[in-house]
Amino acid sequence: MSHDRRESGFKRRTRVADARATLLDAVTPHDRTESVPVEAADGRVVAEPIDAPAPVPGYDRAAMDGYAVRASDTFGAGDRSPAVLAAKPAEADAVAPGEAARVHTGSAVPEGADAVVMVERVEAVGDEVEVFDAVATGENVGEAGEDVADGQRLYEPGHVLRPSDLGLLRSVGLDEVTVREPPEVAVIPTGEELVESDPGPGEVIETNGLTVSRLVERWGGEARYRDVVTDDPDALREAVAADLDADVVVTTGGSSVGERDLIPEVVDGLGEVLVHGVALKPGHPVCLGAAEGTPIVSLPGYPVACIVNAAQFLRPALKRAGGTDADPFPTRRATLDRKVASEPGVRTFARVSLTEPDGEEGADGDGDDALPTATPTRASGSGILSSVALAEGWVVVPEPREGLDAGETVDVELWEVTE
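Parameters at a glance
Just so you know, the residues in each chain are numbered from 1, in the order the chain's sequence is written. The predicted origin of the model limits local features to residues at a pLDDT of at least 70 and limits the giving and counting of side-chain atom pairs to 80 or more, whereas totals for whole chains, interfaces and linings rest on all residues. To obtain the side-chain values, all non-hydrogen atoms of the structure were used and water was disregarded. Paired strands, in this sense, are two strands between which DSSP finds at least two bridges. Secondary structure follows DSSP: runs of H or I at least 4 residues long count as helices, runs of E at least 2 residues long count as strands, and numbering of each begins at the N terminus. All axes here are fitted lines through C-alpha atoms, helices being fitted over the stretch that makes contact, and every angle between N-to-C directions spans 0 to 180 degrees. Two residues qualify as a contact provided that any one of their heavy atoms is within 4.5 Å of a heavy atom in the partner residue. Here, a salt bridge means any side-chain nitrogen of Lys or Arg that lies within 4 Å of a carboxyl oxygen of Asp or Glu. The classification of residues rests on relative accessible area computed with a 1.4 Å probe and restricted to protein chains. Under 20% of the type maximum is buried, over 50% is exposed, and intermediate values are partly exposed. Here the arc refers to the directions that run from the helix axis out to each C-beta atom. Nonpolar side chains (Val, Leu, Ile, Met, Phe, Trp, Tyr) within 5 Å and like charges within 9 Å form the patches, drawn only from residues with over 30% relative accessible area and no salt bridge. For the accessible areas, the method is Shrake-Rupley and the probe is 1.4 Å, while residue cover comes only from the protein chains on display. Neither His nor the chain ends is counted toward charge; the positive residues are Lys and Arg and the negative residues Asp and Glu. Where a charge sits is defined by one atom per residue type, namely NZ (Lys), CZ (Arg), CG (Asp) or CD (Glu). Here, the term nonpolar core denotes a set of buried Ala, Val, Leu, Ile, Met, Phe, Trp, Tyr and Cys residues that are joined through side-chain atoms within 4.5 Å. Under the rule applied, a polar contact is a pair of N or O atoms within 3.5 Å (in protein, one hydrogen donor and one hydrogen acceptor; residues adjacent in sequence only if both atoms are side-chain atoms). Classification of ring pairs uses Phe, Tyr and Trp, with its six-membered ring standing for Trp, and accepts pairs whose centres are within 6.5 Å; under 30 degrees between planes counts as stacked, over 60 as edge-to-face, and the remaining range as tilted. When the NZ atom of lysine or the CZ atom of arginine is within 6 Å of a ring's centre and also within 35 degrees of its normal, the charge is said to sit over that ring.

A. Broad picture of the sheet that holds strand β21 (residues 294–299). With mixed pairing, the six strands of this open sheet are ordered in space as β16-β13-β17-β21-β20-β18. Every other strand in the sheet has two partners, leaving β16 (222–225) and β18 (272–276) as the edge strands with one partner each. Pairwise comparison of adjacent strand axes, ignoring direction, gives a mean angle of 20° for this sheet. Inspection of the sheet shows β18 paired to strand β20 (residues 287–291) by four bridges, in the antiparallel sense. Residue Val-273 lies in a different strand from β20, and its bridge partner there is Gly-289. Relative to β18, helix α2 (residues 16–25) is tilted by about 160°, and along the sheet it contacts β18, β20 and β21.

Shown next as structure tokens:
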């Protein structure tokens, strides 16, 4: 990095989408896998195709309580002329012509039976049953494989398993599933002013590394939360180089162009700086690079800027390293209650709190009057951690807009409620 660039600052800032695409081009999904119990696989990424080893259900089953019969024995049955059949013991193994067996919802249909008459349309009289409805072949019967066919492809590699998926895997008889190991992310906080506790004048408690490492865990990675590294080029170089075996390296602090912002120079010496300076607020001094095939995300030191950039760059890089892509953040429609300023050409993230209409939690409706109110927690100030910690989400002002007006309906990104 040249001395001129440090003095001149950022003359050109890359758009967020372009910077993210450049970073993701430098990320190679790892190929490490492991087998885990199905009950422990929630949120894990499928590593190889999963086919059903058995059908579900594995037998023809009764779809409701009633009597299993041969459909042909009920032809012509009605209220005035019921079909009279011999009663078999409950849950009998087989039904011969002229017989009926009591069954319950989900129980196996006896051999020979091909339909079930609802219990409401049958009357037991001694050793016989009177059937008041004619049923067709297959009526009220769930066929074997109706839910899942034998050998059916269930999931492709890259699918992120959900609780409902785990139930399906267990239903076909699987106890374990092969998934990708969580991507490993080295989190290195930097700055000679950082301390763990009891800050003196000019010192601050280290929070960025803690926050980012917990975000890594929430987003499906495993964090190596390192000790603080002081603003010394040799110490920084040694710390970053030592973790290049990780899937992603992320540093916090020292990413701008000041005299103590040494990280871009360190990354450039170890590998290559891909992007330095993004058209994003708060937090344009992010630095994205790579060394020895490992992507490096260098986040700004101001807490809010650090979090915003982690969500925009670290999360998609982590997901890509783990063999999947980052889903969009969930959003909630809301009415903005005051103007949000934004610089044209810059993507702005305005932190907002949500107030439900009439004080009702989770209210929703078709009109704007039923929408919650979004109140900016702070118009500016990337160092004010409480402005994001006390917010429900943020409103994204796209590059072409010069701010948002009070009263506009906006989408609030709920960035902390997703993996």
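B. Highlighting the sheet that holds strand β7 (residues 115–118). Spatially, β7-β4-β6-β5-β9-β8 is the arrangement adopted by the six strands of the open sheet, whose pairing is mixed. Of all strands in the sheet, those bounded by a partner on one side alone are β7 and β8 (122–125). For this sheet, the mean angle separating the axes of adjacent strands, direction not counted, is 40°. One ladder, built from four bridges, connects β8 with strand β9 (residues 128–131); its direction is antiparallel.

C. Here's a closer look at the pattern of salt bridges. Tallied over the full model, the rule gives 25 salt bridges. In this structure, Arg-226 and Asp-243 form a salt bridge, with 2.8 Å as the shortest nitrogen-oxygen distance. A residue pair is termed long-range when its members are at least 10 positions apart, and Arg-226 in the loop between β16 and α5 (233–242) and Asp-243 in the loop between α5 and β17 (248–252) qualify at 17 residues. Judged by relative accessible area, which is 3%, Asp-243 ranks as buried. A salt bridge links Arg-333 to Asp-411; its shortest N-O distance comes to 3.0 Å.

D. Looking closely at α2. Those residues of α2 lying buried are Val-16, Ala-19, Leu-23 and Leu-24. Angularly, the buried residues of α2 cover 130° about the axis, an arc narrow enough to put them on a single face. Looking at the buried positions of α2, the neighbouring elements they touch are β18, β19 (280–281), β20, β21, α7 (303–321) and β23 (347–355).

E. Quick look at helix α6 (residues 263–270). Within α6, burial applies to Ile-263, Pro-264, Val-266 and Val-267. Buried positions in α6, seen along its axis, are confined to an arc of 160° and lie on one side of it. Buried residues along α6 sit against α5, β17, β18, β20 and β21.

F. Examining a negative patch on the surface more closely. A cluster of acidic residues, Asp-60, Glu-143, Glu-146 and Asp-147, forms a negative patch on the protein surface. Within the secondary structure, Glu-146 sits in the loop between β10 (141–142) and β11 (153–155).

G. Region of interest: unusual backbone geometry. In this structure, Pro-57 follows Val-56 across a cis peptide bond, with omega equal to -5°. The omega torsion across Lys-281 and Pro-282 is 0°, close enough to zero to call that bond cis. Even without being a glycine, Asn-140 presents a positive backbone phi close to 60°. Looking at where Asn-140 falls in the secondary structure, it is placed in the loop between β9 and β10.

H. The arrangement of the nonpolar core in detail. One finds Phe-313 and Leu-314 to be the most contacted residues of the largest nonpolar core, which totals 34 residues. When residues in this core are grouped by element, the largest group, 11 residues, is from α7. If sequence neighbours within four positions are ignored, Phe-313 has contacts with Val-16, Ala-19, Arg-20, Leu-23, Val-278, Leu-280, Val-286, Leu-288 and Val-297. Grouped together as the second largest cluster of nonpolar side chains are 17 residues, Ala-41, Val-148, Leu-166 and Val-179 included.

I. Main features of the side chain of Ser-298. By the element assignment, Ser-298 lies in strand β21. Assessed through its relative accessible area of 0%, Ser-298 is described here as buried. Reaching out from Ser-298, the side chain makes a polar contact with the side chain of Thr-251 at a distance of 3.1 Å. Aside from chain neighbours lying at most four places away, what touches Ser-298 is Thr-251, Ser-255, Ile-263, Val-267, Val-286 and Cys-287.

J. Representation of the packing of aromatic side chains within the structure. Scanning all chains against the criterion turns up two aromatic pairs. Judged by centre distance (5.5 Å) and plane angle (80°), the ring pair of Phe-349 and Trp-394 falls under edge-to-face. Within this pair, whereas Phe-349 is found in strand β23, its partner Trp-394 is found in strand β25 (residues 393–397), the two being separated by 45 residues in sequence. Each member of the pair, Phe-349 as well as Trp-394, is classed as buried. Pairing Trp-394 with Trp-415 gives two aromatic rings, centres 4.9 Å apart and planes at 5°, and the pair type is stacked. One end of the pair, Trp-394, is in strand β25; the other, Trp-415, is in the segment after β26 (409–413), with 21 residues separating them in the sequence. By way of ring pairs, the aromatic residues Phe-349, Trp-394 and Trp-415 are connected into one cluster. For the cation-ring pair, Arg-315 lies above Phe-329, with the distance from its terminal atom to the ring centre recorded as 4.4 Å.

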